[in-house]
Amino acid sequence: MSHVFPRQIAAPPVKAVSGEGCYLIDDSGKWYFDGSGGAAVSCLGHGDAAVIKAIQDQAGQLAFAHTGFFTSEPAEKLADLLIAQAPGDLDRVYFVSGGSEAVEAALKLARQYHLERGAPDRRHIIARRQSYHGNTLGALATGGNAWRRAQFAPILIDVSHIAPCYEYVEKDADETAFDYGQRAAQELEDEILRLGPDTVMAFVAEPVVGATMGAVPAVEGYFKRIREICDTYGVLLILDEVMCGMGRTGHLFACEADGVTPDILCIAKGLGAGYQPIGAMLCTDAIYQALAAGSGFFQHGHTYIGHPVACAAGVAVVDAILSRGLLPRVNEMSQKLRGALHDAFGQHPNIGDIRGRGLFLGMEFVADRADKTPFAPGLNIAGRFKAAAFEAGLICYPMRGTRDGQYGDHVLLAPPFIMSDDQVGEIVDKLKRAAIVLDTA
Ligand code: PMP
């Protein structure tokens, strides 16, 4: 009997024993193509020699030094590397151990920033429906996925949720994509005015929505308008790139494609590429200086922030992404994979939308392509698709959208940046085998 407490208690997981390139291997010797990098984590694939060596060297040199006393060479180096690449005036990096921690730190920094500037009334957070920002209580409250929140609603802080930017379902037929984006962004201004502009602390959004919607980027102009609205009312813009950041969209930071710089940016997953648990929160110099000139202390922290071994892994990962030409490679492989998905599924009666950016792609499953009706939740299409793909030797990330009862099931793909041309065909073949569950729905 296993004493491990698995997440899926009713269906305990298979034991993984090793990883090689784009594959994971289980204890029966079966190989799985890691088509979602777990959950958009393993951007370099498995067994990367340079990252492993960096971890070994750092563990031998200095495994841990508490940040209450020390900084470390790998933390300094990683912060320098990130800031050299970061857009706009992002200037400081606060290291944590994962995505939820990055979001918690961002929320608390936003609150403390307003307090130190003498604006104690700024306490409201606005986020979007169908978003995911993590599972700790603050991050869960910020996320707008009804299913994930439901059980915990009585113990969550109050957060306002506006509509996501979701062209496939929400754009009117007689509207341009740009006009739709401006309409969707207008909900932010309306909500700020409803709450009272001097009471709003921050707006939080994923540039490309991952777990809850399946790789949905905003339409052109949406985030520029969001940035303008935040600036008008002194509301901090927090972008959550935990899933879509670190090169996954073909830019190191996803917001570069939208032409905006947030006040606070959250990253994780691809930063450690699965070799170490690490996340980070980047903020502008203006925010940092408000605290520096005020209390001189960020009232937040965890034991493992700035962990030297995790930071050393992060340095090796960012170095690999930049020095091995992986950003152009993501764009090249994206075109190939996207093209192959369109060829294979573009006319499928139950696949309504193929979308995404870079190697962060999604397909939405529908009962009826014409009116975009989702499958009935009771059919458990996402769960059955995941099981069929796993059986076929493909790890992918299907989710049941609750749509606040509206958006349907989808599958998210986030393969390693190092995937080959042949592996495009392998992914599509295995997806075709899994897609049989759609025919039999
Ligand atoms: N934000 C986003 C956008 C995410 O996708 C996730 C994880 N899927 C998180 C935050 C939480 O990250 P973690 O699971 O590392 O806490």
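Residues numbered from 1 in each chain as written. Predicted model: local features only at pLDDT ≥ 70, side-chain atom pairs only at ≥ 80, totals over all residues.

The protein chain is annotated in an unreviewed UniProt entry as Aspartate aminotransferase family protein from Yoonia rhodophyticola. Listed in UniProt under the heading Sequence similarities (unreviewed entry), the comment for the protein chain reads: "Belongs to the class-III pyridoxal-phosphate-dependent aminotransferase family." Recorded in UniProt under Cofactor (unreviewed entry), the annotation for the protein chain is "pyridoxal 5'-phosphate". (UniProt positions renumbered as here; feature names shortened; annotations may be inferred.)

**Student:** Looking at this structure, I do not really get the overall build of the protein chain. What am I missing?
**Tutor:** For the protein chain, the count of helices and strands is 16 helices and 17 strands. Taking 441 residues into account, the globule formula puts the C-alpha radius of gyration at 22 Å, and the protein chain, at 21 Å, falls close to it. Based on the C-alpha atoms only, the size of the protein chain along its principal axes is roughly 60 × 60 × 45 Å. Counting across all 441 residues of the protein chain, residues that qualify as buried make up 51%. (Helix = DSSP H or I, 4+ residues; strand = E, 2+ residues; numbered from the N terminus. Rg over C-alpha atoms; globule rule 2.2 N^0.38 Å. Buried ≥ 20, exposed ≤ 12 C-beta atoms within 10 Å, placed from the backbone.)

**Student:** Any chance you could explain the site of the ligand here in plain terms?
**Tutor:** As a matter of local geometry, the ligand sits amid 15 residues, with Gly-98, Gly-99, Ser-100, Val-242 and Met-243 nearest to it. Looking at which element gives the most residues to the shell around the ligand, the answer is helix α4 (residues 99-116), with 3 residues. For the shell around the ligand, a count of residues per class yields 7 nonpolar, 6 polar and 2 charged. (Near = placed C-beta within 6 Å. Nonpolar A, V, L, I, M, F, W, Y, C, P; charged D, E, K, R; others polar.)

**Student:** Would you mind going over the nonpolar core with me for this structure?
**Tutor:** In summary, soluble globular proteins display a tendency toward joint burial of nonpolar side chains. Formed by 137 residues in total, the largest nonpolar core has its most connected members in Ala-102, Ala-106, Phe-203, Ile-238, Ala-280 and Met-281. Here this core gets 11 residues from one element, more than from any other, and that element is helix α12 (residues 308-323). Formed jointly, this core draws a minimum of three residues from each of two domains, domain 1 (16-47 + 325-439) and domain 2 (52-323). Sequence-distant contacts of Met-281, defined by excluding residues within four places in its chain, comprise Tyr-94, Val-96, Ala-102, Ala-105, Ala-106, Leu-109, Ile-264 and Cys-266. (Core = buried A, V, L, I, M, F, W, Y, C linked by C-beta atoms within 7 Å. Domains from an automatic or database assignment. Contact = placed C-beta atoms within 7 Å.)

**Student:** Would you explain the domain arrangement of the protein chain in this entry?
**Tutor:** Taken domain by domain, the protein chain comprises domain 1 (16-47 + 325-439) and domain 2 (52-323). Computed from C-alpha coordinates alone, the two centres of domain 1 and domain 2 are separated by 25 Å. The interface of domain 1 with domain 2 comprises 33 residues on the first partner and 33 residues on the second. Put simply, the parts of the chain that give the side of domain 1 that touches domain 2 at least two residues each are α1 (37-40), α13 (326-345), β13 (351-357), β14 (360-365) and β17 (409-413). Sorting elements by how many residues they give to the side of domain 1 that touches domain 2 places α13 first, with 5 residues. When the residues that make up the side of domain 1 that touches domain 2 are grouped by side-chain class, the tally is 17 nonpolar, 10 polar and 6 charged.

**Student:** Quick question: what am I supposed to make of the packing of helix α2 (residues 49-61) against α12 here?
**Tutor:** When two helices pack together, you describe them by how their axes are tilted relative to each other and by the distance separating the axes. Where α2 contacts α12, the axes come no closer than 8 Å and their chain directions differ by 155°. Judged on the interaxial angle alone, α12 and α2 are roughly antiparallel. The chirality of how α2 crosses α12 is right-handed. On the side of α2, the interface is formed by Ala-50, Val-51, Ala-54, Ile-55, Gln-58 and Ala-59, while α12 contributes Pro-308, Val-309, Ala-312, Ala-313, Val-315, Ala-316, Val-317 and Ala-320. Classifying every residue of the contact of α2 with α12 by side-chain character gives 13 nonpolar, 1 polar and no charged. (Axes fitted to C-alpha atoms, helices over the stretch in contact; angles between N-to-C directions. Parallel < 35°, antiparallel > 145°, perpendicular 65-115°, else oblique. Left-handed = near helix turned anticlockwise from the far one by under 90°.)

**Student:** Explanation requested: the sheet that holds strand β12 (residues 279-284) in the structure shown.
**Tutor:** Hydrogen bonds between backbone groups are what pair the strands of a sheet, and the pairing can be parallel or antiparallel. Strand order across the open sheet formed by 7 strands is β4-β12-β11-β10-β7-β5-β6, with mixed pairing between neighbours. The strands lining the two open edges of the sheet, one partner per strand, are β4 (90-96) and β6 (160-162). Averaged over all adjacent pairs, the angle separating strand axes in this sheet is 20°, with direction ignored. Across the sheet, α4 lies against β4, β5 (124-128), β7 (200-205), β10 (236-240), β11 (264-267) and β12, angled at about 25° from β12, the strand it touches most. (Pairing = 2+ DSSP bridges.)

**Student:** Could you clarify how one ought to interpret α4 in this entry?
**Tutor:** The periodicity of an α-helix, 3.6 residues per turn, causes residues three or four positions apart to be oriented the same way. Its 18 residues place the ends of α4 26 Å apart at the C-alpha level, agreeing with the 26 Å of an ideal helix rising 1.5 Å per residue. Summarising burial for α4: 13 of the 18 residues are buried, a large majority. Once α4 finishes, Gly-118 follows within two positions and takes phi at roughly 80°, a positive value. (Expected span 1.5 Å × (residues − 1).)

**Student:** Whenever I open this one, the pairing of strand β3 (residues 31-34) confuses me. Can you help?
**Tutor:** Regular strands show a simple pattern: their side chains alternate between the two faces of the sheet. Here strand β2 (residues 23-26) runs beside β3; their pairing, made up of 3 bridges, is antiparallel. Among the inter-strand pairings, Tyr-23 is bridged to a residue of β3, identified as Phe-33. In sequence, β2 turns back onto β3 through a hairpin of 4 residues, with Gly-29 there showing a positive phi of about 90°. Sheet topology places β3 next to strand β15 (residues 394-395); 2 bridges connect them, and they run parallel. The residue bridging Asp-34 from the neighbouring strand is Ile-395, located in β15.

**Student:** Where do I start with the packing of helix α8 (residues 177-195) against helix α9 (residues 222-233) in this structure?
**Tutor:** For the pair α8 and α9, the least separation of the axes is 8 Å and the interaxial angle reads 20°. Judged by the angle between their axes, α8 and α9 are roughly parallel. Crossing of α8 against α9: the hand is right-handed. Side by side, α8 and α9 meet where Gly-181, Gln-182, Ala-184, Ala-185, Leu-188, Glu-189 and Ile-192 of the first sit next to Tyr-222, Arg-225, Ile-226, Ile-229 and Tyr-233 of the second. Counted by class, the contact of α8 with α9 contains 8 nonpolar, 2 polar and 2 charged residues.

**Student:** Could you clarify how one ought to interpret the environment of Val-93 in this entry?
**Tutor:** If you trace the backbone, Val-93 turns up in strand β4. Here the alpha-carbon distance between Val-93 and Cys-266, two residues 173 residues apart in the chain, equals 9.7 Å. Every residue in contact with Val-93, bar those within four places of it in the chain, is listed here: Ala-79, Leu-82, Ile-83, Ala-280 and Leu-282.

**Student:** Explanation requested: unusual backbone geometry in the structure shown.
**Tutor:** Glycine aside, the phi torsion of most residues is negative, and most peptide linkages are trans. For Lys-269, which is not glycine, the phi dihedral falls at a positive 25°. Along the chain, the position of Lys-269 falls in the loop between β11 and β12. Residue Lys-269 is classed as buried on the basis of its C-beta count, with 29 C-beta atoms lying within 10 Å.

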